[in-house]
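Coordinate inspection notes
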Amino acid sequence: MSDRCAECGERTTWEQELGSSICTNCGTLSNPSQSILASHLEHQDTSGYDNSAYWSQSQGLATLKGRSGWALAGQDKESRQRRNMISMHEYIRSIASRLSNVGVAPRAQAVFDQAMLKGNYNWGRRAKLIGGAAVAIALREVNRSDALKDIAYLMDEDFLPLSRAFRAIIDLLHLKLTSADPSQHIATLQTYYLQSLIADSSPLPADLQTKLKSVAPQSHAISRTAILLATLLSRFNILQNLPTPPTACAIFILALEAETASSLPHAGVLARNLGARMGVSQKVVMERYKIIYDAVEAWIKDVPWLEAHEKRVGSKGRSKVAKRIVVARGLKDVIQFQEELWSRQMESVPKPVLMLDVDDDGKFDEISEGSGDRKTLYLISARCRQSFAVSTRPPFQIPNACTIIIQGTIR
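Remember, it's a predicted structure, so these values are computed and weren't measured experimentally. (Residues numbered from 1 in each chain as written. Predicted model: local features only at pLDDT ≥ 70, side-chain atom pairs only at ≥ 80, totals over all residues. Heavy atoms only, no water.)

1. With respect to the overall build of the chain
Cut-off, in case you're wondering: Runs of E in the DSSP output that reach at least two residues are strands. Runs of H or I that reach at least four are helices, and both are numbered from the N terminus. Note on classification: 1.4 Å probe, protein chains only; a residue is buried when its accessible area is under 20% of the maximum for its type, exposed when over 50%, partly exposed between these limits. Contacts were defined at the residue level, with two residues in contact if any of their heavy atoms lie within 4.5 Å.
Along its length, the chain carries 14 helices and 6 strands. The 411 residues of the chain split such that 42% are buried. If you take every contact in the chain between residues at least 6 apart in sequence, the share linking residues at least 24 apart comes to 61%.

Structure, rendered in structure tokens:
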């Protein structure tokens, strides 16, 4: 059907979807008052974009808030919880990936979901700590170190609140976990060393007992060296899937030697007594000892200021300095050097950022404070803002009476 346009005189073409003729020159409708039922038009989406995720989230959500006014679909509590859950799952996966254990992410996400549901926790810093604790639990379940200190660093949280959340989730979900961290036994071994091995009734040879008594005042330093060595071994997955008591005994012997800066005489006798206290044999303890000091010897070669173990030229198997003495003298430097390398490596990895939509009988405002590459996020409730006239624009003036949740940092 064709006709002439009343405005410009050009030809018009009939458009079924518009219910009117339209000018091909100026676009004027011949009959702009025409109406057409929407059911007559069935739009075919040929973009190829999958909208099912959007509709599945918004389907069935109320768009009314009653007397408070209108609200957009997807802004209710259920939608916020769904978005927060997705954000937390991605955050957990990012932490596991940075710890080179991305395979534990699905289990950690499941533990987080169970804890949030059973504990009925609110979204915010508490949920963030639970997410970190869930990663530690998942690592523990596959016989790896829980890496709580590393997780706390990645989350910009202190170790103490994260460890409390870890313990709380274990109790809440009634989980039975076997620790893969040898350092849990160090306190027991230290007590046994101070109370029995250096006592007058000690079963140890006299020269060994004298050596141990000489370093007894440095018991705190011995314990610290042992714990740091256990942490270092866990980062390199050395002896990771083996029982921890004999590993702890071997680590404690090496820490004692590091404090004396020399090898201990009758190390086998000491291994037998420490092993008896932990219920393991001398042979197993000495096997772990050999594995660990071989690893330390290899690390000594990476430390620029340490002399590595060398054999005497022209001798059969004879060394200038015994390997055990080289390891004893260099152990503390190795731990310090490896700790610095780990710190640099972690600093080069961007920390995961968590953004949560937190609700407190209304809304929370997210504001940032700081400059440069580091900004701290805060969540401030609408109630607090109304009561104390809190500013959400720099410079921020936040009274102490407000409850502030530190969300993390953005790099």
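2. As for the packing of helix H10 (residues 244-260) against helix H12 (residues 282-300)
Short version of the rule: To get an axis, fit a line to the C-alpha atoms, keeping to the stretch in contact for a helix; angles then go from 0 to 180 degrees between the N-to-C directions. Roughly parallel means an angle under 35 degrees; roughly antiparallel means over 145; roughly perpendicular covers 65 to 115; every other angle is labelled oblique. Note on convention: near helix rotated counterclockwise from far helix by under a right angle means a left-handed crossing. Clockwise means right-handed. Nonpolar residues are Ala, Val, Leu, Ile, Met, Phe, Trp, Tyr, Cys and Pro. Charged residues are Asp, Glu, Lys and Arg, and all others, Gly as well, are polar.
The N-to-C vectors of H10 and H12 enclose an angle of 60°; their axes lie 8 Å apart at closest approach. Judged on the interaxial angle alone, H12 and H10 are oblique. The hand of the H10/H12 crossing is right-handed. Where H10 abuts H12, its residues Pro-246, Thr-247, Cys-249, Ala-250, Ile-251, Ile-253, Leu-254 and Glu-257 lie against Val-284, Val-285, Arg-288, Tyr-289, Ile-292 and Tyr-293. Looking at the contact of H10 with H12 residue by residue, the class counts come to 11 nonpolar, 1 polar and 2 charged.

3. Topic: unusual backbone geometry
Backbone geometry at Asn-120 places phi at a positive 55°, although glycine is not the residue there. The residue Asn-120 is located in the loop between helix H3 (105-119) and helix H4 (125-141) in this model. Positive phi, close to 55°, is recorded for His-174, a residue that is not glycine. Of note, His-174 is situated in the loop between helix H6 (159-173) and helix H7 (186-197). A residue is classified by how much of its surface remains accessible, and His-174, at 63% relative accessible area, is exposed.

4. What to know about the packing of aromatic side chains
Under the convention used in this document: For Phe, Tyr and Trp, rings pair up if their centres lie within 6.5 Å, where Trp contributes its six-membered ring, and each pair is then called stacked (planes under 30 degrees apart), edge-to-face (over 60) or tilted (otherwise).
One pass over the full model with this rule turns up 6 aromatic pairs. When the centroid spacing of 6.0 Å and the interplanar angle of 50° are considered together, the rings of Phe-112 and Trp-123 count as tilted. Of this pair, Phe-112 sits in helix H3 while Trp-123 sits in the loop between H3 and H4, and the two are 11 residues apart along the sequence. Each member of the pair, Phe-112 as well as Trp-123, is classed as buried. With a centroid separation of 5.0 Å and an interplanar angle of 45°, the aromatic rings of Phe-236 and Trp-299 are classed as tilted. Pair noted here: Phe-236 is in the loop between helix H9 (219-235) and H10 and Trp-299 is in helix H12, with a separation of 63 residues, a long-range link. For Phe-236, a relative accessible area of 41% corresponds to the partly exposed category.

5. Some points on the side chain of Arg-140
In this fold, Arg-140 is placed in helix H4. By relative accessible area, Arg-140 is classed as buried at 11%.

6. Description of the environment of Ile-300
Relative to the helices and strands, Ile-300 is located in helix H12. Take Ile-300: its relative accessible area is 1%, and that puts it in the buried class. Ile-300 sits 33 residues away from Asp-333 along the chain, and the two C-alpha atoms are 8.3 Å apart. Apart from the residues lying within four places of it in its own chain, the contact partners of Ile-300 are Leu-306, Glu-307, Ala-308, Val-326, Val-327, Gly-330 and Val-334.

7. Side note on the pattern of salt bridges
Test applied: A pair is scored as a salt bridge if a Lys or Arg side-chain nitrogen falls within 4 Å of a carboxyl oxygen belonging to Asp or Glu.
Applying the stated criterion across every chain, the model contains 13 salt bridges. We note a salt bridge from Asp-156 to Lys-351, for which the minimum N-O separation is 2.6 Å. Linking Asp-156 in the loop between helix H5 (148-155) and H6 with Lys-351 in the loop between helix H13 (323-348) and strand E4 (364-369), this pair joins segments that are 195 residues apart in sequence. With its nearest N and O atoms 2.7 Å apart, the salt bridge here joins Lys-290 to Asp-294.

8. Observations regarding the confidence of the model for the chain
Which entries qualify depends on this criterion: Confidence scores per residue from the predictor, reported as pLDDT, run from 0 to 100.
Counting all residues, the mean pLDDT for the chain is 78, and 71% of those residues have values of 70 or more. pLDDT under 50 marks residues 360-396. Its contacts with residues more than four places away, or in other chains, come to 82 contacts. This model gives residues 398-411 a pLDDT under 50, and the stretch forms 45 contacts once residues within four places in sequence are excluded.

9. Remarks on helix H8 (residues 206-214)
Operational definition: In this description, one arc is meant: the one made by directions from the helix axis to the C-beta atoms.
By the burial criterion, the buried members of H8 are Leu-208, Gln-209 and Leu-212. Around the axis of H8, the buried residues are gathered within 100° of arc, so they sit on the same side. Opposite the buried face of H8, by more than 90 degrees, sit the exposed residues Ala-206 and Thr-210. Where H8 is buried, its residues contact H7, H10 and helix H11 (267-278).

10. Section: the environment of Arg-164
In this fold, Arg-164 is placed in helix H6. Separated by 31 residues in sequence, Arg-164 and Ala-133 have C-alpha atoms that sit 8.8 Å apart.

11. Some remarks on H6
The test is simple: For a helix, the expected span equals 1.5 Å multiplied by the residue count minus one.
Between its first and last C-alpha atoms H6 spans 21 Å; for 15 residues at 1.5 Å apiece the expected length is 21 Å, and the two agree. When we look at burial in H6, the residues that qualify are Pro-161, Leu-162, Ser-163, Ala-165, Phe-166, Ile-169, Ile-170, Leu-172 and Leu-173. On its buried face, H6 is in contact with H3, H4 and H5. Just past H6, the residue His-174 takes up positive phi, approximately 55°.

12. Concerning the packing of H3 against H6
Following both chains from N to C, one finds H3 and H6 inclined at 75°, their axes separated by 10 Å at the closest point. Here H3 lies roughly perpendicular to H6, going by the angle between them. On H6, the residues that touch Val-111, Gln-114, Ala-115, Lys-118 and Gly-119 of H3 are Ile-169, Leu-172 and Leu-173. Classifying every residue of the contact of H3 with H6 by side-chain character gives 5 nonpolar, 2 polar and 1 charged.

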